[in-house]
Amino acid sequence: MKISLNINGEVRNVEVEANTPLLWVVRDELNLKGTKFGCGRAACGACTLLVDGEAVRSCSYAVKFAAGKEITTIEGLGNEDNLHPVQQAWIEEIVPQCGYCQPGFMMATAALLNKVPNPTDEDIDNNIINVCRCGTYYRMRKAIHRAAELQQTKTNLSS
Amino acid sequence: MNERKNISRRTFITRASKGAALMMGVALTGCGPIRRKIAGLINAADTPYVGNTDDPMIWFEILADNQVILYSPKVEMGQGIFTGFAQMAADELEIDIERIKVAHAETDSGNVDKFATGGSTSTSSLWEPLRELAATMRETLKSSAADLWGTEVEQVSIENGVALFENKRLSYGEIVQRTEKWNIADTPDLKNLKDYKYIGKPIPRIDLMDKVIGAPIFGMDASLPDMLYGSILRPSKIDAQLLTADVSEASNMPGVVKIVQEDDFIGVVATSYMAAERAKDQIKAEWKTNKTWQTEDIEELLQVGQGSGVSVQRMGNIKKLEESEEVIVSEFRSPIGAHAQLEPNGCLADVKANGATIIMSTQVVDITRSEVADRLGLNEKKVNVKPTFLGGGFGRRLHTPNAMQAAVLSKAVGRPVKCFFTRKEEFQHDTFRPPTHHKLQAILNEEGYIDTISHELASGDVMFGSPLVPKIGAKMLGSDVGAWRGGMIQYEAIPHVDVTSWRVKLPFATSWWRSLGLLANSFAIESFMDELAAKTQKDPIAFRLAHIADDERGNRLKAVIETAAERANWTTEVKNGRAMGFAVSTDANTPCAQVVEVSVANGRIKVHKVTCVIDPGVAVNPDQIRAQCEGSIIMGISAALYEKMYVDNNELRPVIYGPYQMALMRDAPKQIDVVILENASKPGAVGEPPLGPVGASIANALFRLTGKRAYAMPFGQEDWSYLN
């Protein structure tokens, strides 16, 4: 099936089987490797990306559902010269260890901040439910609070 | 133009021969004291860097724009060693750390470690050789600059990677460009610790940017033109042999390129990951199992007194334990644990007529090369293993034979093939943390202090069976050093001590899991110490201090304990529903003490705060030492409270995150206070020692809070609500 995807602000056309998980289209057809495979059953969150601003576990999300929607991956969140507040906060708090699960956490955090600009610890516990084996949660929590601050400063400056 | 120079071979060979001597020692020496000494060396993680002396070694590459690439013989799996190596190199090279990039050495061109990356030894083993190499390189560059200027080397000075003489300047990059013949300088004296600009400072990780922008740095991200995807058929049961497999339906599935049937495995090669997986699901395989296994069978096997026992620590005489009527006895258990690292094991293999390229996440780069070469019938030099960043190691990648399977598939189709485990396969074909059983016995003297103590532990294999340990070495050692790591009694003022390790053979693979036996052994010993203190109504910290020997090791141990007590405002009182728990362990010469604050609410155990005092000696990067402590504490909470595999009709389960319960954000303490002491003159182990005290300190706090003691990990899945 031919599908037109709007990904990171670009239109990309792919020809894939309609039920292929979005994860594999993003990684292997579009060569955006920042979105990770962890479990294939929506249980770990390593594959989290945004579809219309909502966090989606792309290993269990058929590509056909993404047609016509805006997809954002870690590559579209920000880049080295223009980091997203979440990425900036992750650097300030020196969060990553092995780094493999981190894009998924950052995408989940970006989605949380879209809905709850200033999350409480409880909001974080309830919404950030990905798995990190290195145990970077302690720094991640600090980074999420810091990202909320940075995002608000940015919003205030642009309004 | 890139010019690589092989600079400091002499220094390097000196180091490497030290390592070779250690391994030869294992092979050549007899039993008795030597065995103990070798075991002690391994236990202390005093393993020297074991390098590759046959091939030309290239550590540094200096580019024309004055960037330095350091090729690391060790792999980066999150432990932060690349940052520490950059600090060491920058300080002795006298160049800005921003100019140093650290990359993994490949087997073809570089200096990969012959052995492995593991055992918390990377920083300690490279501490001297790497600084010496960098200093030698600096002096060599300086001497070359002097030659270019026709002056004496003493006249040349270095500032930020630039050689200076009168009003002349040459960057390292420029020197490399202009030098035709190198004269390797003698290795100079290293600088004093206090003169270092980077070593000792909390420099941010040098891989931060790549890791926040999602750069394709992992084995899983590797790709090559014309690449296909492979998948290996694996049984869901333990102890299973393949009888027959009908692949006819699978062969006709869309996207299938080839089904490869070898004597020991079947693999599918297809045009996409999903196509390969779907085809594999259509293989009609019949497996034979010899026996039906359940969790209870494993627990029955795992008993102190079964299998073969070897005494690994003995002081005085514990005979009294048989005669006395006042023996205090407790037993502890720990379950089968999974590594559960997020990046599945995988490999991209590209096998051509004249050689093979292997790109993957592995902790054993050199062993993997040998295995692939052997399997393909190639000379080792024809196989190049390119290590990538690891999406978690934790010991899971200390044997990566899946590289051979990928290589066989690639050879069969004549194209690059990438294969990786599904998550279910990860959980069922892990090399698990072995389950353990511990029996502790003690006799107290009239004052209520320990006169005699024995610790017997039964464990599945850790070190035995690992390709890292030559069979002969295992035989000479007699006992599984990995299993009893952390099992020795660190309270050396106790007159009569015995630790005996029992080896139990299990019907599934168990092996290295971050900190090996330390987590389970410390859970048992430190819970028991708390029980003894409670029995004699002594403060658990004072009780421990009273049993520590008055020597260098004892003093370092006392220092972490006393600092932790002070820093945490230690109390045995329960305040606001929170109780403190204490535990301390020594692993690989690094003592670590922890005080936890715990409450129980709605039946759930909550760890609010952890105070962690660690003494790894010289702290190369205090921030990354903190990060390793935080990570170890959270991994320890996860193992102590939740993680457990079980065996159900030969199937190891659960097979997915969630049902395999692990610590999540909500379980992470909101406060982790790490204090670093530096009471040794060189860097020691960091990545594993902080796991030791976690389980026991939480169990001890729970006892204070509830009066109930946890004798088996995990203890967080129980409902504790009836206690509040």
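Residues numbered from 1 in each chain as written. Chains lettered and ligands numbered in written order. Predicted model: local features only at pLDDT ≥ 70, side-chain atom pairs only at ≥ 80, totals over all residues. Heavy atoms only, no water.

Student: Which parts of the structure should I look at to understand the overall build of chain B?
Tutor: When helices and strands are counted, chain B shows 19 helices and 27 strands. If you line up chain B on its principal axes, its C-alpha atoms span 85 × 70 × 55 Å. The long-range share in chain B, meaning contacts at least 24 apart out of those at least 6 apart in sequence, stands at 79%. Side-chain charges of chain B comprise 80 positive and 91 negative groups, with the mean position of each set lying 2 Å from the other. (Helix = DSSP H or I, 4+ residues; strand = E, 2+ residues; numbered from the N terminus. Contact = heavy atoms within 4.5 Å. Lys, Arg positive; Asp, Glu negative; His and termini not counted. Charge placed at Lys NZ, Arg CZ, Asp CG, Glu CD.)

Student: Whenever I open this one, the overall build of chain A confuses me. Can you help?
Tutor: A tally of regular secondary structure across chain A gives six helices and five strands. When the helices and strands of chain A are listed from N to C terminus, the series reads β-β-α-β-β-β-α-α-α-α-α. For a compact globule of 159 residues, the expected C-alpha radius of gyration is about 15 Å, and chain A comes in at 15 Å, within 12% of that figure. For the C-alpha atoms alone, the extent of chain A along its principal axes is close to 45 × 40 × 25 Å. When burial is assessed residue by residue, chain A has 60% of its 159 residues classed as buried. Across chain A, the centroid of the 16 positively charged side chains sits 5 Å from that of the 18 negatively charged ones. (Rg over C-alpha atoms; globule rule 2.2 N^0.38 Å. Buried < 20%, exposed > 50% of the residue type's maximum accessible area, 1.4 Å probe, protein only.)

Student: What is the right way to read the layout of surface pockets from this model?
Tutor: Empty space among the atoms becomes apparent when a probe as large as a water molecule is rolled across them. Residues and elements named next belong to chain B. What the largest pocket holds in volume is close to 1100 Å³. Lining the largest pocket are 45 residues, with Pro 401, His 429, Asp 430, Thr 431 and Ala 509 positioned closest to its centre. At three residues, the largest contribution of residues to the lining of the largest pocket is made by helix α12 (residues 402–413). (1 Å grid on protein atoms, 1.4 Å probe; cavity = no way out; pocket = protein on both sides within 12 Å on 5 of 7 lines; lining within 4 Å. Points joined across faces, edges and corners; volume = space filled by probe spheres on them.)

Student: In this structure, what is going on with the interface of chain A and chain B? I would like to understand it.
Tutor: Interfaces are often sized by the amount of accessible area the parts lose when they come together. In this assembly, 51 residues from chain A lie in contact with 59 residues from chain B. For the pair chain A and chain B, the summed buried area comes to about 4400 Å², and 64% of that belongs to carbon and sulfur atoms. Of all residues in chain A, Gln97(A), Arg133(A) and Tyr138(A) give up the largest surface area on contact with chain B, accounting jointly for 20% of the area buried on that side. Where chain A packs against chain B, one counts six salt bridges. The shortest N-O distance in the salt bridge between Lys36(A) and Asp221(B) comes to 2.6 Å. Of all the elements, helix α6 (residues 137–158) of chain A adds the most residues to the side of chain A that touches chain B, at six residues. The class makeup of the residues in the side of chain A that touches chain B is 28 nonpolar, 10 polar and 13 charged. (Buried area = accessible area lost by both parts, 1.4 Å probe. Salt bridge = Lys/Arg side-chain N within 4 Å of Asp/Glu carboxyl O. Nonpolar A, V, L, I, M, F, W, Y, C, P; charged D, E, K, R; others polar.)

Student: Sorry if this is basic, but what is going on with the sheet that holds strand β19 (residues 436–444) of chain B here?
Tutor: Hydrogen bonds between backbone atoms are what pair the strands of a sheet, whose relative direction is either parallel or antiparallel. Residue and element names in this part refer to chain B. In spatial order, the strands read β13-β21-β20-β19-β14; together these five strands make up an open sheet with mixed pairing. Edge strands, defined here as strands with exactly one partner in the open sheet, are β13 (308–315) and β14 (328–334). Neighbour-to-neighbour, the strand axes of the sheet open up by a mean angle of 15°, direction not taken into account. Here β13 pairs with strand β21 (residues 496–503) via seven bridges, running antiparallel. (Pairing = 2+ DSSP bridges. Axes fitted to C-alpha atoms, helices over the stretch in contact; angles between N-to-C directions.)

Student: Mind showing me how you'd approach the sheet that holds strand β24 (residues 604–614) of chain B here?
Tutor: Residues and elements named next belong to chain B. Read across the open sheet, the four strands follow the order β22-β23-β24-β27; overall the sheet is mixed. With one partner strand each, in any of the chains shown, β22 (579–587) and β27 (671–676) form the two edges of the open sheet. With direction set aside, neighbouring strand axes in the sheet form an average angle of 20°. Contacts between helix α17 (residues 552–567) and the sheet are confined to β22, β23 (590–601), β24 and β27, with β23 contributing the most and set at about 30° to the helix.

Student: Before we go on, may I ask you to explain the packing of helix α3 (residues 85–92) of chain A against α6(A) in this structure?
Tutor: How two helices pack is summed up by the angle between their axes together with the distance between the axes. All names here are of chain A. Direction vectors running N to C along α3 and α6 enclose 135°, while the axes themselves pass 8 Å from each other. In terms of orientation, α3 and α6 fall into the oblique class. Judged by the twist between their axes, the crossing of α3 over α6 is right-handed. Mapping the contact onto sequence places Pro 85, Val 86, Gln 88, Ala 89, Trp 90 and Glu 92 in α3 and Met 140, Ala 143, Ile 144, Arg 146, Ala 147, Leu 150, Gln 151 and Lys 154 in α6. (Parallel < 35°, antiparallel > 145°, perpendicular 65-115°, else oblique. Left-handed = near helix turned anticlockwise from the far one by under 90°.)

Student: So what exactly am I meant to see when it comes to the confidence of the model for chain B here?
Tutor: Caution is warranted with low-pLDDT regions, since their predicted coordinates should not be read in detail. Residue and element names in this part refer to chain B. Looking at chain B, the pLDDT average stands at 90 and 90% of residues meet or exceed 70. Here residues 1–47 is a poorly scored stretch, pLDDT under 50, and it has 92 contacts once near neighbours within four places are set aside; other chains count. pLDDT under 50 marks residues 51–57. Its contacts with residues more than four places away, or in other chains, come to 25 contacts. Interface confidence for the predicted complex, expressed as ipTM, amounts to 0.98; the pTM equals 0.94. (pLDDT = per-residue confidence, 0-100.)

Student: Can you walk me through the packing of helix α4 (residues 102–115) of chain A against α6(A) in this structure?
Tutor: Residues and elements named next belong to chain A. Two elements in contact, α4 and α6, have axes whose closest approach is 11 Å; the angle formed by their N-to-C orientations is 40°. In terms of their interaxial angle, α4 and α6 are classed as oblique. Our pair here, α4 against α6, has a crossing hand that is right-handed. Contacts between α4 and α6 involve Gln 102, Phe 105, Thr 109, Leu 113 and Asn 114 from the former and Tyr 137, Met 140, Ile 144, Ala 147, Ala 148 and Gln 151 from the latter. Residues that form the contact of α4 with α6 fall into these classes: seven nonpolar, four polar and no charged.

Student: Any chance you could explain the pattern of salt bridges here in plain terms?
Tutor: If the charged atoms of two oppositely charged side chains come close together, the side chains can form a pair. Counting across every chain of the model gives 55 salt bridges over all chains. Among the charged side chains, a network of salt bridges with common partners joins Glu92(B), Glu94(B), Arg138(B), Glu139(B), Lys142(B) and Lys191(B).

Student: Please explain the packing of aromatic side chains as it appears in this structure.
Tutor: Centre distance and the angle of the planes are the two values used to describe a pair of aromatic rings. In this structure the tally under the stated criterion is 19 aromatic pairs over all chains. Relative to Phe218(B), the ring of Tyr100(A) lies with its centre 5.1 Å away and its plane at 80°, an arrangement referred to as edge-to-face. Here Phe218(B) lies in the loop between α6 (208–213) and β8 (228–232) and Tyr100(A) lies in the loop between α3 and α4, a pairing that spans two chains. Classification of Phe218(B) by relative accessible area gives buried; the value is 3%. On the basis of an interplanar angle of 80° and a centroid distance of 5.7 Å, the ring pair of Phe332(B) and Phe523(B) is categorised as edge-to-face. Taken together, the residues Phe332(B) in strand β14 and Phe523(B) in helix α15 (residues 518–535) connect sequence positions 191 residues apart. Relative accessible area serves as the criterion here: at 0%, Phe523(B) is assigned to the buried category. Ring pairs connect the aromatic residues Trp24(A), Phe37(A), Tyr273(B) and Phe420(B), which therefore count as one cluster. In this structure, Arg234(B) is placed above the aromatic ring of Phe421(B), and the distance from its NZ or CZ to the ring centre is 3.7 Å. The ring of Phe421(B) has Arg396(B) sitting right over it, with the charged end atom 5.8 Å from the ring centre. (Phe/Tyr/Trp six-rings, centres within 6.5 Å; stacked < 30°, edge-to-face > 60°. Lys NZ or Arg CZ within 6 Å of the ring centre and 35° of its normal.)

Student: Would you mind showing me how to read the nonpolar core here?
Tutor: Considering soluble globular proteins, one finds that nonpolar side chains tend to be buried as a cluster. In this structure, Trp90(A), Phe60(B), Tyr657(B), Ile698(B) and Phe715(B) are the most contacted members of the largest nonpolar core, which totals 218 residues. Leu63(B), Tyr71(B), Met77(B) and Cys347(B) belong to the second-largest nonpolar core, a separate cluster that totals 35 residues. (Core = buried A, V, L, I, M, F, W, Y, C linked by side-chain atoms within 4.5 Å.)

Student: I would appreciate a short explanation of the environment of Glu326(B) in the present structure.
Tutor: In this fold, Glu326(B) is placed in the loop between α10 (320–323) and β14. Sequence separation between Glu326(B) and Thr536(B) is 210 residues; the distance between their C-alpha atoms is 13 Å.

Student: Any chance you could explain unusual backbone geometry here in plain terms?
Tutor: Leaving glycine out, the prevailing phi sign among residues is negative, and the prevailing peptide bond configuration is trans. All names here are of chain B. With omega at -5°, the peptide bond leading from Arg 653 into Pro 654 counts as cis. With respect to the element layout, Pro 654 can be found in the loop between β26 (651–653) and β27. The residue after Met 713, namely Pro 714, is reached through a cis peptide bond having omega -5°. Mapped onto the elements, Pro 714 comes out in the segment after α19 (694–706). Although it is not a glycine, Asn 160 sits at a positive phi angle of roughly 45°. With respect to the helices, strands and loops of the structure, Asn 160 is situated in the loop between β5 (157–159) and β6 (162–165).

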